Amino acid sequence: TFLDKTWRNAFHKMAQDIGLPFHIITCYTDEATLKQRLRLRQQELDNPSDADVSIMVQQSKTRAPLLPEEKALEIKVDTHNDMNYKEIINRLRHV
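Residues numbered from 1 in each chain as written. Predicted model: local features only at pLDDT ≥ 70, side-chain atom pairs only at ≥ 80, totals over all residues. Heavy atoms only, no water.

1. Examining the confidence of the model for the chain
- For the chain, the average pLDDT comes to 85, and 97% of its residues sit at 70 or higher.
- Ranking the helices and strands of the chain by mean pLDDT puts helix α1 (residues 5-17) first, with 95, and helix α5 (residues 85-93) last, with 80. (pLDDT = per-residue confidence, 0-100. Helix = DSSP H or I, 4+ residues; strand = E, 2+ residues; numbered from the N terminus.)

Written as structure tokens, this is what we have:
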């Protein structure tokens, strides 16, 4: 995740250095859906993620908002409604 602008800047610079386009994909949905998904994922025996609701809350408090110049690079994906991955990939190809 690119919650910290330091990481976003580093990856943006790397993309520029090697001549590749750079975009920030922001996935969002409502908080209730996020919590439900995290709880369901925790119940999966083969899921290596340690993320839970408490980590989600912590990350939301420490997340650095996108700067105006970063917003110009942002592609927003509503994961509650836009779960058609082919459409998302097509959107990325035409940016």
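So, next bit.
2. Focus: the pattern of salt bridges
- For the structure on display, the rule yields three salt bridges.
- With a shortest N-O distance of 2.8 Å, Arg8 and Glu70 are connected by a salt bridge. Taken together, the residues span a long stretch of sequence, with Arg8 in helix α1 and Glu70 in helix α4 (residues 68-71) at a distance of 62 residues. Comparing Arg8 with Glu70, the two get one shared label, buried.
- Across the pair Glu31 and Lys35 runs a salt bridge whose closest N-O atoms are separated by 3.1 Å. With Glu31 and Lys35 both in helix α2 (residues 31-43) and four residues apart, this pair spans about one turn of that helix.
- Residue classification places Glu31 among the partly exposed residues on the basis of a relative accessible area of 46%. (Salt bridge = Lys/Arg side-chain N within 4 Å of Asp/Glu carboxyl O. Buried < 20%, exposed > 50% of the residue type's maximum accessible area, 1.4 Å probe, protein only.)

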